[in-house]
Amino acid sequence: VQSIGLSAHGEHQDFDRARVDSASFPAGRVTRSTLQPGWKWSASVGRARGLELCTAPHLGSVITGDMTVRVANGSEYQYCAGDAYAVSSEPHDAWVEGEATYVAIDVTLPARA
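This section reports on the structure supplied with the text. Bear in mind that the values here come from a model prediction, so they are computed numbers and not experimental data. (Residues numbered from 1 in each chain as written. Predicted model: local features only at pLDDT ≥ 70, side-chain atom pairs only at ≥ 80, totals over all residues. Heavy atoms only, no water.)

### Some thoughts on the pairing of strand E6 (residues 76–80)
Next, step 1: Two strands pair when backbone bridges link them, and strand E5 (residues 66–71) and E6 are joined in this way by 5 bridges, in the antiparallel orientation. Bridge pairing in E6 links Val 69 to Tyr 77. (Pairing = 2+ DSSP bridges. Helix = DSSP H or I, 4+ residues; strand = E, 2+ residues; numbered from the N terminus.)

### Quick look at the pairing of strand E8 (residues 92–97)
Next, step 1: The element E8 is largely enclosed, with a buried count of 5 among its 6 residues.
Next, step 2: Bridging between E5 and E8 involves 6 bridges; their strand directions are antiparallel. Within the sheet, the bridge partner assigned to Arg 70 lies in E8 and is Asp 93. (Buried < 20%, exposed > 50% of the residue type's maximum accessible area, 1.4 Å probe, protein only.)

### What about the nonpolar core?
Next, step 1: In terms of nonpolar packing, the biggest core is built from 16 residues, with Leu 35, Trp 39, Met 67, Tyr 79, Tyr 85 and Tyr 102 touching the most fellow members.
Next, step 2: For this core, the elements supplying multiple residues, two or more each, are helix H1 (41–49), E5, strand E7 (84–87), E8 and strand E9 (102–108).
Next, step 3: The contacts of Tyr 102, once residues within four sequence positions are left out, are Ser 33, Thr 34, Leu 35, Val 62, Thr 64, Gly 65, Asp 66, Met 67, Tyr 85 and Val 96. (Core = buried A, V, L, I, M, F, W, Y, C linked by side-chain atoms within 4.5 Å. Contact = heavy atoms within 4.5 Å.)

### Quick look at the packing of aromatic side chains
Next, step 1: Per the stated rule, a full pass over the model turns up 1 aromatic pair.
Next, step 2: A centroid spacing of 5.6 Å and a plane angle of 55° characterise the contact between Tyr 79 and Tyr 85, whose relative ring orientation is tilted.
Next, step 3: The ring of Trp 95 carries Lys 40 above its face, with NZ or CZ at 5.1 Å from the centroid. (Phe/Tyr/Trp six-rings, centres within 6.5 Å; stacked < 30°, edge-to-face > 60°. Lys NZ or Arg CZ within 6 Å of the ring centre and 35° of its normal.)

### A short note on the environment of His 92
Next, step 1: Inspection of the secondary structure puts His 92 in strand E8.
Next, step 2: Relative accessible area serves as the criterion here: at 3%, His 92 is assigned to the buried category.
Next, step 3: Engagement of the side chain of His 92 in a polar contact is seen with the side chain of His 58, the distance being 3.3 Å. (Polar contact = N/O pair within 3.5 Å; in protein donor to acceptor, adjacent residues only side chain to side chain.)

### A short note on the sheet that holds strand E4 (residues 58–64)
Next, step 1: Sheet architecture is open: 6 strands sit in the order E1-E2-E3-E9-E4-E7, paired in antiparallel fashion. Strands with a single pairing partner mark the edges of an open sheet, and in this sheet they are strand E1 (11–15) and E7. When strand polarity is set aside, the average angle formed by the axes of neighbouring strands in this sheet is 20°.
Next, step 2: Relative to E9, E4 runs antiparallel, the two sharing 4 bridges. If you follow Val 62 over to E9, its bridge partner there is Ala 104. (Axes fitted to C-alpha atoms, helices over the stretch in contact; angles between N-to-C directions.)

### Some words on the sheet that holds E5
Next, step 1: Pairing is antiparallel across the open sheet formed by 3 strands, whose spatial order is E6-E5-E8. Each of the sheet's edge strands pairs with one partner strand only, and the pair in question is E6 and E8. Neighbour-to-neighbour, the strand axes of the sheet open up by a mean angle of 20°, direction not taken into account.

### A few points about the environment of Gly 74
Next, step 1: Structurally, Gly 74 can be placed in the loop between E5 and E6.
Next, step 2: The class of Gly 74 is partly exposed, set by a relative accessible area of 43%.
Next, step 3: In sequence terms Gly 74 and His 92 are 18 residues apart; their C-alpha atoms lie 9.1 Å from each other.

Below, the structure written as structure tokens:
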């Protein structure tokens, strides 16, 4: 059994309108994303990385706020507080909807050999 406090002992990254706190374990990685109104992946993260769309898969649960995800084929999905979500590695963009701060927990499992 292992425990890491995300706020005090985890890893932290700050982006435009975002804070990401995470902890890594042999069984996977847990990330808490706190995203402010106006945050958009392509503008806040992608631009700095020279990317237009995210290709990382996401599996998690929304604590507060609302998020819209648009995949490359144009389909859109919305998630709000209390929702669980799974986003594949298909290229996608995402943004915070409305004026509430968005907080979510993502879980990343290690790739199988």
